Amino acid sequence: MDQEEEDATAALEEVSPQTRSSRKSYTVSFKLRVIRESKLTTIRSAARRFGVDRKQVRAWIATQDKLLACPRNRRRLDGAGGKPADEELEEELLQWLRQLRAARQRVTRKMLMNEAARLYRVYHDDRHFMASEGWLRRFMSRKQITLRRRTTVAQRLPSRRDGSYGRNRPLA
């Protein structure tokens, strides 16, 4: 069995008709294998063999140059995916958050949503923006923000003469 046959077999195992869901993302290496197969045979037979739609194979062929420039384990090209509605608003909100954190003030999800709504009214002068929980979750994901519960920092355990702390005894 040569390398191309092994690649095709591995790709078939990767996507079988029984386990395929309605929406699927594929790695760049899988897309390139499908393109290679479509050049050797036809788009239709490659699509059938790998369990994807013919239109999707044609789209991958159209973006082949970009796919070749990507790392093989990626699933989408640069610039793909949804864009934020207002990048300027998000940057100003992020700056506001950093200022509060630098001043060691508490920041809550509700505070972020209220500030986002206020900034939107300042920039757009209308009230059609809803700073929802979903919007906030996606904003925090885009900007790699996490909010954590406040904890005590550097609390010391009580010292004991025998070196034990509660039930835990030192191994001797």
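Note that this is a predicted model, so its numbers are computed, not measured.

The rules behind these values
- The residue numbers shown here count from 1 along each chain, following its written sequence.
- Totals for whole chains, interfaces and linings use every residue, but because this is a predicted model, local features are given only for residues with pLDDT of at least 70 and side-chain atom pairs only at 80 or more, for both listing and counting.
- Values shown for side chains rest on all heavy atoms present in the structure; no hydrogens or waters enter the calculation.
- Here a helix means four or more residues in a row that DSSP labels H or I, a strand means two or more in a row labelled E, and each is numbered from the N terminus.
- Exposure categories follow from relative accessible area, calculated using a 1.4 Å probe and restricted to protein chains: below 20% of the type maximum is buried, above 50% is exposed, and the middle band is partly exposed.
- Areas reported here follow the Shrake-Rupley algorithm with a probe of radius 1.4 Å; residue values treat only the protein chains shown as occluding.
- A contact between two residues is defined here by any heavy atoms of the two lying within 4.5 Å.
- One less than the number of residues in a helix, times 1.5 Å, gives the span that helix is expected to have.
- Side-chain atoms within 4.5 Å are what join buried Ala, Val, Leu, Ile, Met, Phe, Trp, Tyr and Cys residues into a set we call a nonpolar core.
- Every angle, taken between N-to-C directions, lies between 0 and 180 degrees, and every axis is a line fitted to C-alpha atoms, over only the stretch in contact when it is a helix.
- Roughly parallel covers angles under 35 degrees, roughly antiparallel covers those over 145, roughly perpendicular covers 65 to 115, and oblique covers all other angles.
- Ten residues, namely Ala, Val, Leu, Ile, Met, Phe, Trp, Tyr, Cys and Pro, are considered nonpolar, four, namely Asp, Glu, Lys and Arg, are considered charged, and the remaining ones, Gly among them, are considered polar.
- We call Phe, Tyr and Trp rings a pair once their centres come within 6.5 Å, taking the six-membered ring for Trp, and we label the pair stacked below 30 degrees between planes, edge-to-face above 60, and tilted otherwise.
- Throughout, a crossing is termed right-handed when the near helix is turned clockwise from the far one, and left-handed when it is turned anticlockwise from it by less than a right angle.

(A) Structural view of the overall build of the chain. Scanning the chain from N- to C-terminus turns up eight helices and zero strands. Its helices and strands in sequence order give the chain the pattern α-α-α-α-α-α-α-α, from N to C terminus. With 172 residues in all, the chain has 28% of them scored as buried. With an accessible surface of roughly 13,600 Å², the chain has 47% of that area assigned to carbon and sulfur atoms.

(B) Geometry of helix 8 (residues 133–142). Along helix 8, the residues classified as buried are G134, W135, L136, F139 and M140. Contacts made by the buried residues of helix 8 are with helix 6 (87–102) and helix 7 (109–124). Taken from the residues just after helix 8, Q144 is the one with a positive phi, measuring 50 degrees.

(C) Quick look at helix 2 (residues 28–40). Relative to the 18 Å expected for 13 residues at 1.5 Å per residue, helix 2 spans 19 Å between its end C-alpha atoms, a close match to the ideal helical length. What helix 2 keeps buried is the set V28, F30, K31, L32, R33, V34, I35, E37 and S38.

(D) Highlighting the nonpolar core. In terms of nonpolar packing, the biggest core is built from 18 residues, with L93, W135, L136 and F139 touching the most fellow members. Listing elements by their share of this core, those giving two or more residues are helix 6, helix 7 and helix 8. In contact with W135, not counting residues within four places along its chain, are L89, E90, L93, A116, F129, M130 and R142. By size, the runner-up hydrophobic cluster in this structure holds 13 residues, among which are L32, F50, V52 and C70.

(E) Structural context of the side chain of K31. Tracing the sequence through the fold places K31 in helix 2. By relative accessible area, K31 is classed as buried at 10%.

(F) Summary view of the packing of helix 2 against helix 4 (residues 54–62). Running from N to C, helix 2 and helix 4 cross one another at 100 degrees; their axes reach a closest spacing of 10 Å. Considering the angle they form, helix 2 stands roughly perpendicular to helix 4. Packed against helix 2, whose contacting residues are F30, K31, V34, I35, S38 and K39, the element helix 4 presents V57, W60 and I61 at the interface. A breakdown of the residues in the contact of helix 2 with helix 4 according to their chemical character gives six nonpolar, one polar and two charged.

(G) Broad picture of unusual backbone geometry. Look at R104: it is not a glycine, yet its phi comes out positive at around 60 degrees. Among the structural elements, R104 can be located in the loop between helix 6 and helix 7. Owing to a relative accessible area of 79%, R104 belongs among the exposed residues under this scheme. The backbone of Q144 sits at a positive phi, close to 50 degrees, despite the residue not being glycine. Along the chain, the position of Q144 falls in the segment after helix 8.

(H) Looking closely at the packing of aromatic side chains. Within this structure, the stated rule accounts for five aromatic pairs. Taken together, a centroid distance of 5.2 Å and an interplanar angle of 10 degrees make the contact between W135 and F139 stacked. In this pair, W135 and F139 are both assigned in helix 8, four residues apart and thus about one turn of the helix distant. Residues W135 and F139 agree in their burial class; the two are buried. Through successive ring pairs, a cluster of aromatic residues spans Y26, F30, F50 and W60.

(I) Focus on the packing of helix 2 against helix 3 (residues 43–50). One way to put it is that helix 2 packs onto helix 3 with a least axis distance of 8 Å and a crossing angle of 140 degrees. Comparing their axes, helix 3 and helix 2 come out oblique. The way helix 2 lies across helix 3 gives a crossing that is right-handed. Residue-level contacts link F30, R33, V34, E37 and S38 of helix 2 to I43, A46, R49 and F50 of helix 3. Looking at the contact of helix 2 with helix 3, its residues break down into five nonpolar, one polar and three charged.

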